[in-house]
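Chain by chain, the residues:
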Amino acid sequence: MFNDQIKVEAIINGEEVKAERYEARENPTHPERVAGYAPINTREDAVRAIDAAHTAFASWTKVAIEERIERMERAIQNIKAAAPDIAELLSREHGKPLYDAEGEIGVSLAWMEFACQNAKDVLQNEMREDENGKTIIAHDGIGVVSAITPWNYPLSLSTIKIAPALLAGNTIVLKPSPLAPLAVSKVVEMIAAEFPNGVLNLVHGEADVGVELTTNPKVAKIAFTGGTGTAKHIMKAAADTIKNMTLELGGNDAAIILNDFDVNDERAMRRLVISNFLTAGQICMIAKRIYVDRSIYEQFVEKYIEAANKWIRVGDPFNKDVTIGPVNNKKQAEFVQSLIDDATAKGATAVKLGRVVDEDVFEKGYFLQPTVVLGADYHDPIVVEEQFGPTVPILPFDGDEHAIELANDSIYGLTSSVWGEEEHAIEVAKQIQAGTTMINTAAVQGLDVRFPFGGVKQSGIGREYGREGLLAYTDTHIINIPKKGELPYIPE
């Protein structure tokens, strides 16, 4: 097991690089305790990592796809062997319950395995021939990828970039969030050990490191998961060199409960509660606002609270009875509480859900008891902003068209869900502006790594997962061999 004095390092060109300064990562369950230490790397370290990746790309991109897959498969086995220790470290630094941390590792491995199984087929050259000649469609590696990842799902949102990038023949410099740097660093270390020096590099640090990763002319692609506001700065920073980008950003995902939804379906109601509060609501694709047909609104709220009270148990992530841990950091906890306070000050009601398992732990950590907010206005901040925490508003709507209008009235469009009779739900889903719409389930429960994932509007650019997630790390290269070497008619 990784102890609470663990210190992770940068990895540049296959070597651990010591830093002059290190930052303690607090344990959000017990903020007085240290979960471990991560370096504060410099901009110069970032330059060295980019240079190493740039040098390694020249040879790595020529390596046969079979070898790339073999190396990634060995990395997968390394992660599987260390999974229990990684899960404990992730729970300690992040605050998510142990079952949730284990689930994140499972999603990461599922994607890495899918990528390995499909890379050869997806990335191979395609030959087309007809009466006009021959065309080869090749999928070439792009070059150096800067991967910048968030704190909420640090493992899965790093491996979602690492696996396709390396399999496609790119090299990477990855920067994790300082709010969850430990477990992901150990996973990156395990993967990097199976690849040539410089292919996978790891740096930590502050804003200056991020600036280098997004402006350096040797970086060909930026893969970023995080807030929409930060993405706007990244796009501006990358504009001078016109970098390829995959951006998976914020979401304010709507759940629409139709008039034919069965409020007595306990399993469905439990799925909905989980889709609101898993990982203490700190998931980009979680259902963050619930719209319910007015004809069933009162019944729905009653049954929803009943289901939530059964499933929600708040406490120490290492307590096997606990389903929800603390918020990851003090700033986020205060932001979520401010949204609740604003709504109640305007006349809404906040109903606390579930039970607190251990009051002493709860009082000391960054805990918020999950709440459902009733009676908020459609334009209150708790409805229109991404809460990213354990609270959700429930609001009535009048007819399907009204529900669709409310769901689409957002700058975001990551995921959404529609709950009710399947055919009816599908017809409504077709009119929702989102990258993914799920039927009678939501959030991670409806995620399938075989299919592309990403947002519309200000929820992002590009897709991850699926075949598209592999192709996102390639440049399409057309090699054309026409039968005629000139235009149909050229005057003499």
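*Asks:* When you look at the overall build of the protein chain in this model, what are you seeing that I'm missing?
*Replies:* Counting its regular elements, the protein chain contains 15 helices and 22 strands. In terms of C-alpha radius of gyration, the protein chain reaches 24 Å, essentially the compact-globule figure of 23 Å for 492 residues. Viewed in the frame of its principal axes, the protein chain has a C-alpha envelope of about 80 × 60 × 40 Å. Here the protein chain holds 492 residues, and 59% of them are scored as buried. Once local pairs closer than 6 in sequence are excluded, the contacts in the protein chain between residues at least 24 apart make up 74%. A total accessible area of about 20,400 Å² is found for the protein chain, and carbon and sulfur atoms account for 50% of it. If you average the places of the 48 positive and of the 72 negative side-chain charges in the protein chain, the two averages end up 4 Å apart.

*Asks:* Got a minute to help me understand the nonpolar core in this structure?
*Replies:* Residues Ile86, Ile191, Ile290, Phe300, Tyr304 and Ile394 are the most contacted members of the largest nonpolar core, which totals 111 residues. Other than its neighbours up to four places away in sequence, isoleucine 191 contacts Met72, Ala75, Ile79, Met112, Thr159, Ile162 and Leu200. Listed in part, the 28 residues of the second largest apolar core include Val383, Phe397, Leu406 and Val428.

*Asks:* It is not clear to me how the pairing of strand E13 (residues 287–293) should be interpreted in this structure. Could you clarify?
*Replies:* Remark: a regular strand shows side chains that alternate across the two faces of the sheet. Across the seven residues that make up E13, a large majority, seven, are buried. Relative to E13, strand E12 (residues 253–257) runs parallel, the two sharing five bridges. Residue isoleucine 257 lies in a different strand from E13, and its bridge partner there is valine 292. Note that the unit made of E12, helix H8 (residues 266–277) and E13 has a crossover that is right-handed. Where E13 and strand E18 (residues 391–397) come together, four bridges link them in parallel fashion.

*Asks:* Help me understand the packing of helix H2 (residues 65–94) against helix H3 (residues 98–123) in this model?
*Replies:* When two helices pack together, their arrangement is given by the angle between their axes and by how far apart the axes lie. Orientation of H2 relative to H3, taken along the N-to-C sense of each, is 175°, at an axis distance of 9 Å. Taken together, the axis directions place H2 and H3 in an arrangement best described as roughly antiparallel.

*Asks:* Even after reading the chapter, I still don't get helix H1 (residues 43–60), so can you show me in this structure?
*Replies:* Each α-helix turn comprises 3.6 residues. Residues three or four places apart therefore point the same way. Its 18 residues place the ends of H1 25 Å apart at the C-alpha level, agreeing with the 26 Å of an ideal helix rising 1.5 Å per residue. Regarding H1, the residues found buried are Asp45, Ala46, Ala49, Ile50, Ala52, Ala53, Ala56, Phe57 and Trp60. The buried residues of H1 all sit within an arc of 165° when viewed along its axis, so they share a single face. Those residues of H1 that are exposed and angled more than 90 degrees off the buried face are Glu44 and Thr55.

*Asks:* What is the right way to look at the packing of aromatic side chains in this model?
*Replies:* Tallied over the full model, the rule gives eight aromatic pairs. When the centroid spacing of 5.8 Å and the interplanar angle of 20° are considered together, the rings of tryptophan 111 and phenylalanine 114 count as stacked. Residue tryptophan 111 and its partner phenylalanine 114 are located together in helix H3, separated by three residues, close to a single helical turn. This pair shows no difference in class: tryptophan 111 is buried, exactly as phenylalanine 114 is. Seen from their ring centres, tryptophan 151 and phenylalanine 388 are 5.5 Å apart, and the 85° between their planes marks the pair as edge-to-face. With tryptophan 151 in the loop between strand E7 (144–148) and helix H4 (156–167) and phenylalanine 388 in the loop between helix H12 (381–384) and E18, this pair connects stretches of sequence that are 237 residues apart.

*Asks:* For this particular structure, what's the right way to read the sheet that holds E13?
*Replies:* By definition, the strands of a sheet pair up through backbone hydrogen bonds, in either a parallel or an antiparallel sense. A sheet is described by the order of its strands in space; here seven strands give the open sequence E15-E17-E18-E13-E12-E19-E20, paired in mixed fashion. Both outer strands of the open sheet, strand E15 (349–352) and strand E20 (436–439), are each paired with one neighbouring strand and no more. Here the strands of the sheet are splayed against their neighbours by 25° on average, with no regard to which way each runs. Sheet contacts for helix H9 (residues 297–311): E12, E13, E15, strand E17 (371–374) and E18; angle to E18, the most-contacted strand, approximately 160°. The sheet contacts of helix H14 (residues 422–429) involve E12, strand E19 (415–419) and E20, and relative to E20 the element is tilted by about 165°.

*Asks:* Before we go on, may I ask you to explain the sheet that holds strand E22 (residues 474–482) in this structure?
*Replies:* If you walk across this open sheet you meet the three strands as E5-E6-E22, and the pairing is antiparallel. The strands lining the two open edges of the sheet, one partner per strand, are strand E5 (126–130) and E22. Geometrically, the sheet is characterised by an average inter-axis angle of 15° between neighbouring strands, direction not taken into account. Note: E5 against strand E6 (residues 133–141), five bridges, orientation antiparallel. Its bridge partner lying in E6, glutamate 126 is registered against isoleucine 137.

*Asks:* Honestly, the pairing of E20 in this entry has me stumped. Any pointers?
*Replies:* Going residue by residue along E20, you find Thr436 and Met438 tucked away on one face and Thr437 and Ile439 left uncovered on the opposite face. The pairing of E19 with E20 spans four bridges and is classified as parallel. When the sheet's bridge partners are listed, valine 418 is paired in E20 with isoleucine 439. With H14 bridging E19 and the parallel E20, this β-α-β connection has right-handed handedness.

Scoring rules and cut-offs
Residues numbered from 1 in each chain as written. Predicted model: local features only at pLDDT ≥ 70, side-chain atom pairs only at ≥ 80, totals over all residues. Heavy atoms only, no water. Helix = DSSP H or I, 4+ residues; strand = E, 2+ residues; numbered from the N terminus. Rg over C-alpha atoms; globule rule 2.2 N^0.38 Å. Buried < 20%, exposed > 50% of the residue type's maximum accessible area, 1.4 Å probe, protein only. Contact = heavy atoms within 4.5 Å. Areas by Shrake-Rupley, 256 points an atom, 1.4 Å probe, with all protein chains shown as cover. Lys, Arg positive; Asp, Glu negative; His and termini not counted. Charge placed at Lys NZ, Arg CZ, Asp CG, Glu CD. Core = buried A, V, L, I, M, F, W, Y, C linked by side-chain atoms within 4.5 Å. Pairing = 2+ DSSP bridges. Right-handed = clockwise from strand over helix to strand, strands pointing away. Axes fitted to C-alpha atoms, helices over the stretch in contact; angles between N-to-C directions. Parallel < 35°, antiparallel > 145°, perpendicular 65-115°, else oblique. Expected span 1.5 Å × (residues − 1). Arc of directions from axis to C-beta. Phe/Tyr/Trp six-rings, centres within 6.5 Å; stacked < 30°, edge-to-face > 60°.

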